[in-house]
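Inside the fold
Below, each chain spelled out in residue letters.
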Amino acid sequence: MSLSLQTFSTVKDASAALRSGGARYLGGGTLVVRAVNEGDISVTGYVRATDPALSSIDHADGRVRIGASVTMATIARRRDLGDVVRAAKAVGGPAIRNMATVGGNLHAPAPYGDFAVALLALDVTVHFTDRDMPMADFIAGNGTPSGHDIVTAVSFAVPPAGSFRFLKVSRVKPKGVSVLSIATLIDTDGAGAVQTARIALGCMAERPMRAAAAERALVGSRLTREGIAAAVAAIGEGTDPITDPIASAWYRAEVLPVHFRRLLLG
Amino acid sequence: MARVPVQFTLNGEERAEFIESGTTLLHALRDTMGDTSPKGGCQQGTCGACSVIVDGELRLSCLTLAQTCEGAAIETTAGLAAGGVLHPLQRAIMDGFAAQCGFCTPGMIMAAKALLDHTPNPTREDVIEAISGNVCRCTGYEPIIAAVLAAARSNSQNAG
């Protein structure tokens, strides 16, 4: 069966082409072409945009704006992004990282979308052609893959050295699909007490989620075994882990506190 | 059915064909262009058997639309042997018994080539990372890792 590919130079025109329904936006192909290969007959064609801004990274005054078509491999090579590159390196093998885009990762259903977990912890702004929205609103369901709005970029403040941590747990080494992933952005004062904490979890719900109870428990504490005990006890609060061939919901819930503790103490 | 023209370089040779719109690079190569070296395994991006190099970057041909490769330079395992002489990676895979059923081998070789093209003297960890997206159910990976390292050594000896 023939599926048309429409290529536009602007996101606006690509967005208009999606309005007729059936066609899906093509980024790196790792989600949409896969869906077609698996027999998803709701996809009747592909639409893509080639605006160079979609593939650019602009880093100035401590903030970075990453175009939606930027690949994980490109991010992984950016030393100016600090520990954020660890999250990009955690995605797939080399071929997948050469293809998978930031925009696609935002739409990837669990157990995929490890980089989106990092973006949630980083409190990114998601940009569209005509509006911006916080990552939390985006995840809450605005701008779903079935919509015709196209994400053009994400932007965030590059975290200070040592403040951002990321862990992807998989059973196949060195690279496998996520059992779960954890991203934390933690700011401590001069004495080592936590001032602010953002904790994001992957595979612990259908979409990346914040661990609000653990965040609250961490504020004012030190990152020691005793200091983080309350946060570790609360890390599973509000989670509803997925069950898939990688792991059961029970297993994910069991190992989450263990990996969270290791991430904070490591 | 909408047929569309595609034109790119396949292993150094200019190719122009008409294909069905939306055809993956894997199927364009295998069904239209007669290059059956990339294998269709999972078609999900999990197994790596379809790996090819597009403009110097390793890609999964099963998830790449042929039309998006317009004007690109595509390399597959079928183009590696020059004048009947095997590529060092092919030779090392043979010598090291690193292929058993052989289904993953063309993808493994392209993943390894993508590594050696950028990192001529890789560490064992570099090799493991480079083939981490390629699944082999026969060898247990050790002979493949050893073969890639051996190919890198033979390359550097030739260069020296």
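This is a predicted model, so every value here is computed, not measured.

**Considering the pairing of strand β8 (residues 153–157) of chain A**
Residue and element names in this part refer to chain A.
- Within β8, 4 of the 5 residues are buried, which leaves the element mostly enclosed by the surrounding structure.
- Strand direction decides the pairing type here: strand β5 (residues 63–67) and β8, joined by 5 bridges, are antiparallel. Bridging from a neighbouring strand, Gly-67 pairs with Ala-153 of β8.
- Summarising the sheet, strand β6 (residues 125–127) and β8 pair through 3 bridges and their orientation is antiparallel. By the bridge assignment for β8, His-127 is matched with Ala-153.

**Remarks on helix α1 (residues 25–32) of chain B**
All names here are of chain B.
- Those residues of α1 that fall on the buried side of the exposure criterion are Leu-25, Leu-26, Ala-28 and Leu-29.
- Along its buried surface, α1 packs onto β1 (3–10), β2 (13–20), β3 (51–54) and β5 (73–75).
- Immediately downstream of α1, the backbone of Gly-34 shows phi near 70°, a positive value.

**A short note on the domain arrangement of chain A**
Residues and elements named next belong to chain A.
- Along its sequence, chain A is organised into domain 1 (4–51), domain 2 (53–157) and domain 3 (166–265).
- One C-alpha centre belongs to domain 1, the other to domain 2, and the line joining them spans 18 Å.
- On the domain 2 side, the residues contacting the 14 residues of domain 1 number 18 residues.
- Note on domain 1 versus domain 2: buried area summed over both sides is about 1,300 Å², and carbon and sulfur give 67% of it.

**Quick word on the interface of chain A and chain B**
- Each side of the interface is counted separately: chain A has 25 residues, and chain B has 25 residues.
- Overall, the association of chain A and chain B removes approximately 2,000 Å² of surface from exposure, summing both partners, and the carbon and sulfur fraction of that is 57%.
- Contact with chain B buries surface across chain A, with Ser-2, Asn-98 and Met-99 of chain A losing the most and accounting together for 24% of the total.
- One can count 2 salt bridges joining chain A with chain B.
- Its salt-bridge partner being Arg-97 of chain A, residue Glu-129 of chain B comes within 2.6 Å of it at the nearest N-O pair.
- There are 12 residue pairs in polar contact (both at pLDDT 80 or more) connecting chain A and chain B.
- Those elements that place two or more of their residues in the side of chain A that touches chain B are β1 (4–8), α2 (32–37), β3 (45–49) and α5 (94–99) of chain A.
- Of all the elements, α5 of chain A adds the most residues to the side of chain A that touches chain B, at 6 residues.

**Digging into the domain arrangement of chain B**
All names here are of chain B.
- Examined at the domain level, chain B breaks down into domain 1 (3–79) and domain 2 (88–159).
- Domain 1 and domain 2 are separated by 21 Å when their C-alpha centres are compared.
- At the interface, 16 residues of domain 1 touch 14 residues of domain 2.
- Between domain 1 and domain 2, a total of about 1,100 Å² is buried, with carbon and sulfur atoms accounting for 62% of that surface.
- Among the residues of domain 1 in contact with domain 2, Ile-53, Leu-58 and Thr-77 are the three that bury the most area, contributing 38% of the side total.
- Viewed at the interface, domain 2 and domain 1 are joined by 1 salt bridge.
- Of the charged contacts, one joins Glu-75 and Lys-113 as a salt bridge, the two residues approaching to 2.7 Å between their closest N and O atoms.
- On the surface where domain 1 and domain 2 come into contact, there are 4 residue pairs in polar contact (both at pLDDT 80 or more).

**Description of empty space enclosed by the protein**
Residue and element names in this part refer to chain A.
- Considering all chains together, one arrives at 1 cavity of 30 Å³ or more under this definition.
- Empty space within the largest cavity amounts to approximately 60 Å³.
- Lining the largest cavity are 15 residues, with Tyr-112, Gly-113, Val-117, Gly-202 and Pro-208 positioned closest to its centre.
- Residue contributions to the lining of the largest cavity peak at 3 residues, all from helix α7 (residues 114–121).

The rules we used
- Residues numbered from 1 in each chain as written.
- Chains lettered and ligands numbered in written order.
- Predicted model: local features only at pLDDT ≥ 70, side-chain atom pairs only at ≥ 80, totals over all residues.
- Heavy atoms only, no water.
- Buried < 20%, exposed > 50% of the residue type's maximum accessible area, 1.4 Å probe, protein only.
- Helix = DSSP H or I, 4+ residues; strand = E, 2+ residues; numbered from the N terminus.
- Pairing = 2+ DSSP bridges.
- Contact = heavy atoms within 4.5 Å.
- Domains from an automatic or database assignment.
- Buried area = accessible area lost by both parts, 1.4 Å probe.
- Salt bridge = Lys/Arg side-chain N within 4 Å of Asp/Glu carboxyl O.
- Polar contact = N/O pair within 3.5 Å; in protein donor to acceptor, adjacent residues only side chain to side chain.
- 1 Å grid on protein atoms, 1.4 Å probe; cavity = no way out; pocket = protein on both sides within 12 Å on 5 of 7 lines; lining within 4 Å.
- Points joined across faces, edges and corners; volume = space filled by probe spheres on them.

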